[in-house]
Amino acid sequence: MKVFTTTREVQQYLAELRSKGLSTGFVATMGALHHGHLSLIAQAKRANDIVICSIFVNPTQFNDPADLEKYPRPIAHDTQMLEQAGCDILFNPPVSELYADNEHWHLALGEIEHLLEGEFRPGHYQGVTQVVYKLFNIIKPDTAYFGQKDYQQFMVITKMVELLDLPVKLIMCPIIREEDGLAMSSRNIHLTVEDRLHSLILSKTLNWVKQNFDRNNIAGLQIKAADAINAEDGVSLEYFELTDADTLQPASPHTKSVVALVAARVGKTRLIDNVLMN
Ligand code: PAF
């Protein structure tokens, strides 16, 4: 695997590969890799000649400096995992390589930016689109792969690609779960043994809602789900919502595709998860 830390070098190398007509698949990450990330690499490998992964803990998408500070950065282990997964190129720039001082970014993403995650993490999606735009511009991938776990992020990036007419195809890949149902996340390492047990209420409740899904009882399902999560020790619910899978607006009995999305603090760790109803 080739490892690059500068934009100039990775661009030069990729230009050579593209001139040979090779297709490129891209997986953007913030590191602390787990099997969820590896599944994105695997999916990219199946469909492309060259797979590029970026590891960059993007400061502009954190609204809590303490969260940015404590974000795990096990780069040696990550590099080894990517080698084993057959990734061809790792782009791992320092912050100074991607950001100039006092840079300004604002994209008119519309309402989707302020819903759900946007309400609890103001400015988060401006930071995500800012860095993903930069990475797309540098890597110029044919296809980029993102996980369904960050469902709203996928929608927001799709919106950015549409607004800026970027020549990249986006693929959403399924959530990878631990055997007991917990959605894999880089943040899971912060869970204590107790938190880990309590965290299962999220996937259990999502599954219960899927099994009992009734488009004529959306409000009732939401209330029951919120009650179940609130009743769990050590878990503080931020939202549990059934929404239109395309717009993230509240679902109604007429909504074609519905997604249930949840965010909660489990101990000191903030977790998100979701399940498509149909
Ligand atoms: O999903 C993530 O890990 C990040 O939000 C991303 C897409 C790599 C942008 O920093």
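Residues numbered from 1 in each chain as written. Predicted model: local features only at pLDDT ≥ 70, side-chain atom pairs only at ≥ 80, totals over all residues. Heavy atoms only, no water.

## A few points about the environment of Asn102
Looking at the secondary structure, you find Asn102 in the loop between helix H5 (95–98) and helix H6 (117–120). Once the C-alpha coordinates of Asn102 and Leu182 are considered, the two residues, 80 residues apart in sequence, prove to be 39 Å apart. (Helix = DSSP H or I, 4+ residues; strand = E, 2+ residues; numbered from the N terminus.)

## Examining the site of the ligand
Taken together, the neighbourhood of the ligand is formed by Ala28, Thr29, Met30, Asn58, Gln61, Val131, Phe146, Asp150 and Gln153. Gln61 places a polar side-chain atom, nitrogen or oxygen, 2.6 Å from an oxygen atom of the ligand. One nitrogen or oxygen atom from the side chain of Gln153 is found 2.7 Å from an oxygen atom belonging to the ligand. In isolation the ligand exposes 290 Å². Once the protein is present, 89% of that is buried. Per-class residue counts for the shell around the ligand are four nonpolar, four polar and one charged. (Near = heavy atom within 4 Å. Polar contact = N/O pair within 3.5 Å; in protein donor to acceptor, adjacent residues only side chain to side chain. Areas by Shrake-Rupley, 256 points an atom, 1.4 Å probe, with all protein chains shown as cover. Nonpolar A, V, L, I, M, F, W, Y, C, P; charged D, E, K, R; others polar.)

## Brief notes about the nonpolar core
If you look at the biggest cluster of nonpolar residues, it comprises 44 residues, and the most contacted ones within it are Phe136, Ile157, Leu170 and Leu248. For this core, the secondary-structure elements that each account for two or more residues are helix H1 (7–19), strand E3 (50–55), strand E4 (89–91), helix H7 (124–139), strand E5 (143–147), helix H8 (151–164) and strand E8 (258–266). At eight residues, H7 tops the list of elements feeding residues into this core. Leave out the neighbours within four places in its chain, and Leu170 touches Phe136, Ala144, Phe146, Phe154, Ile157, Thr158 and Val161. Within the second largest apolar cluster, 26 residues are counted, among which are Val209, Phe213, Ile218 and Ala251. (Core = buried A, V, L, I, M, F, W, Y, C linked by side-chain atoms within 4.5 Å. Buried < 20%, exposed > 50% of the residue type's maximum accessible area, 1.4 Å probe, protein only. Contact = heavy atoms within 4.5 Å.)

## Focus on H1
End to end, H1 covers 18 Å across 13 residues, agreeing with the expected 18 Å (1.5 Å per residue, within 8%). Considered for burial, the residues of H1 that qualify are Thr7, Val10, Leu14 and Leu17. Looking straight down H1, one finds its buried side chains confined to an arc of 100°; they lie on one side. Residues of H1 that are exposed and point over 90 degrees away from its buried face: Arg8 and Ser19. Tucked into the core, H1 has its buried residues touching strand E1 (2–4), strand E2 (24–29), E3, E4, H5 and H7. Gly21 sits one or two positions beyond H1 and adopts a positive phi of about 85°. (Expected span 1.5 Å × (residues − 1). Arc of directions from axis to C-beta.)

Keep in mind that these numbers describe shape and distance, not what the molecule does.
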